[in-house]
Amino acid sequence: MVGTLGKSARRRLSSLALSGVLVLALAACGNEVGTDEPLDGYSAEEIFTRGEYVLESNRRIEPAMRYFREVERLYPYTDWARRSVVMQAYALHRDGQYDEARATAQRFLDQYPGDPDAAWAAYIVALTYYDQIEDVGRDQGLTFQALNHLRYVIEQYPNTEYARSAVLKFDLAFDRLAAKEMEIGRFYLARGNYQAGINRFRAVVEQYQTTTQTPEALHRLVESYLALGLRDEAQTAGAILGHNFRSSPFYEDSFRLLTAAGLSDQAQGSSWLNDVYRRTIRGEWL
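The sections below set out a description of the structure shown in this document. Everything quoted here is computed from the prediction, not taken from an experiment.

**With respect to the pattern of salt bridges**
- Taken as a whole and judged by the stated rule, the model has 15 salt bridges.
- When the shortest N-O distance is used, the salt bridge between Arg82 and Asp115 registers 3.0 Å. Of the two residues, Arg82 sits in helix 5 (residues 79–94) while Asp115 sits in the loop between helix 6 (98–111) and helix 7 (118–130), which places them 33 residues apart along the sequence.
- One network of salt bridges, in which partners are shared, links Arg186, Glu216, Arg220 and Glu223.

**Structural notes on helix 10 (residues 194–207)**
- Here helix 10 contains 14 residues, and its C-alpha end-to-end distance of 20 Å stays within 8% of the 20 Å for a straight helix at 1.5 Å per residue.
- By the burial criterion, the buried members of helix 10 are Ala196, Gly197, Ile198, Phe201, Ala203, Val204 and Val205.
- Buried positions along helix 10 lie against helix 9 (161–190), helix 11 (214–227) and helix 14 (272–280).

**Notes on the environment of Trp120**
- Here Trp120 lies in helix 7.
- A sequence separation of 43 residues divides Trp120 from Ala163, and the C-alpha atoms of the two residues are 9.5 Å apart.

**As for the packing of helix 12 (residues 231–244) against helix 14**
- Two elements in contact, helix 12 and helix 14, have axes whose closest approach is 9 Å; the angle formed by their N-to-C orientations is 25 degrees. As the angle between them shows, helix 12 and helix 14 are arranged roughly parallel. Note on packing geometry: the crossing formed by helix 12 with helix 14 is left-handed. Two secondary-structure elements touch here, helix 12 through Glu233, Thr236, Ala237, Ala239 and Ile240 and helix 14 through Leu273, Asn274, Val276 and Tyr277.
- When the residues that make up the contact of helix 12 with helix 14 are grouped by side-chain class, the tally is six nonpolar, two polar and one charged.

Scoring rules and cut-offs
Residues numbered from 1 in each chain as written. Predicted model: local features only at pLDDT ≥ 70, side-chain atom pairs only at ≥ 80, totals over all residues. Heavy atoms only, no water. Salt bridge = Lys/Arg side-chain N within 4 Å of Asp/Glu carboxyl O. Helix = DSSP H or I, 4+ residues; strand = E, 2+ residues; numbered from the N terminus. Expected span 1.5 Å × (residues − 1). Buried < 20%, exposed > 50% of the residue type's maximum accessible area, 1.4 Å probe, protein only. Contact = heavy atoms within 4.5 Å. Axes fitted to C-alpha atoms, helices over the stretch in contact; angles between N-to-C directions. Parallel < 35°, antiparallel > 145°, perpendicular 65-115°, else oblique. Left-handed = near helix turned anticlockwise from the far one by under 90°. Nonpolar A, V, L, I, M, F, W, Y, C, P; charged D, E, K, R; others polar.

Now the structure itself:
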């Protein structure tokens with residue numbers, strides 16, 4: 001995924017290509033990239049830049065990986081060696097080799113935690129989980145891992161471009177977990193197992209209330225509570241839905257169900273939903 005090469009990293013690498021020596025190195029590369037030519041006669045800077053050029057101009061990563069590994073071998077403990085590690089992680093992630101990319105990026109973080117590219121390496125680790133998130137019907141273990149590592153990027157590197165991107169991806173992954181709860185809840189609801197469905201819809205309302213799944217969760221609570229004859233709970237779920245999501249089609253459906261049952265969308269009783277109503281709508285937290 002080319003997008004993992006951040007703007008700041010691209011700026012650093014692009015500035016290198018302006019050097020006359022490096023331009024000559026790239027030209028010398030020609031059609032011979034990926035061969036076993038000895039690299040001992042080149043400087044670390046030349047080998048690194050040749051690797052970056054090859055990576056950006058080829059679909060296969062193996063030729064570029066050779067250059068980055070040679071920088072590490074020939075010039076250990078240099079800035080170029082450090083940069084070569086994170087470039088290997090980037091290349092492996094782009095190639096879909098997620099386990100290898102994660103291990104390489106983590107190696108960079110372990111060895112160079114204070115390096116300017118540490119934020120990029122941490123972001124690559126997060127992406128190796130995020131880019132493997134399966135459809136909602138699958139186990140969501142990778143989603144949890146993605147959330148944990150995206151949160152790490154956000155908290156540890158808050159003023160970077162990677163943190164800004166991580167925030168967007170965190171919201172999408174968080175929504176996916178809520179969608180999983182909804183899928184299971186609908187499964188129970190369709191089979192008349194109302195209490196089991198309520199437990200899932202409640203989890204969305206209480207734990208994932210900022211996601212796009214919340215309006216439907218409230219509507220399904222109205223359906224479930226009406227099916228169980230729990231009128232106060234159904235009305236309170238409708239009240240929360242109407243207050244926060246009045247323009248949602250789910251509110252229209254809930255209002256229709258409540259009206260047909262001779263009920264209103266006003267909070268009633270003293271269930272857990274009343275606590276939600278009191279906190280989120282009336283602002284009463286104590």
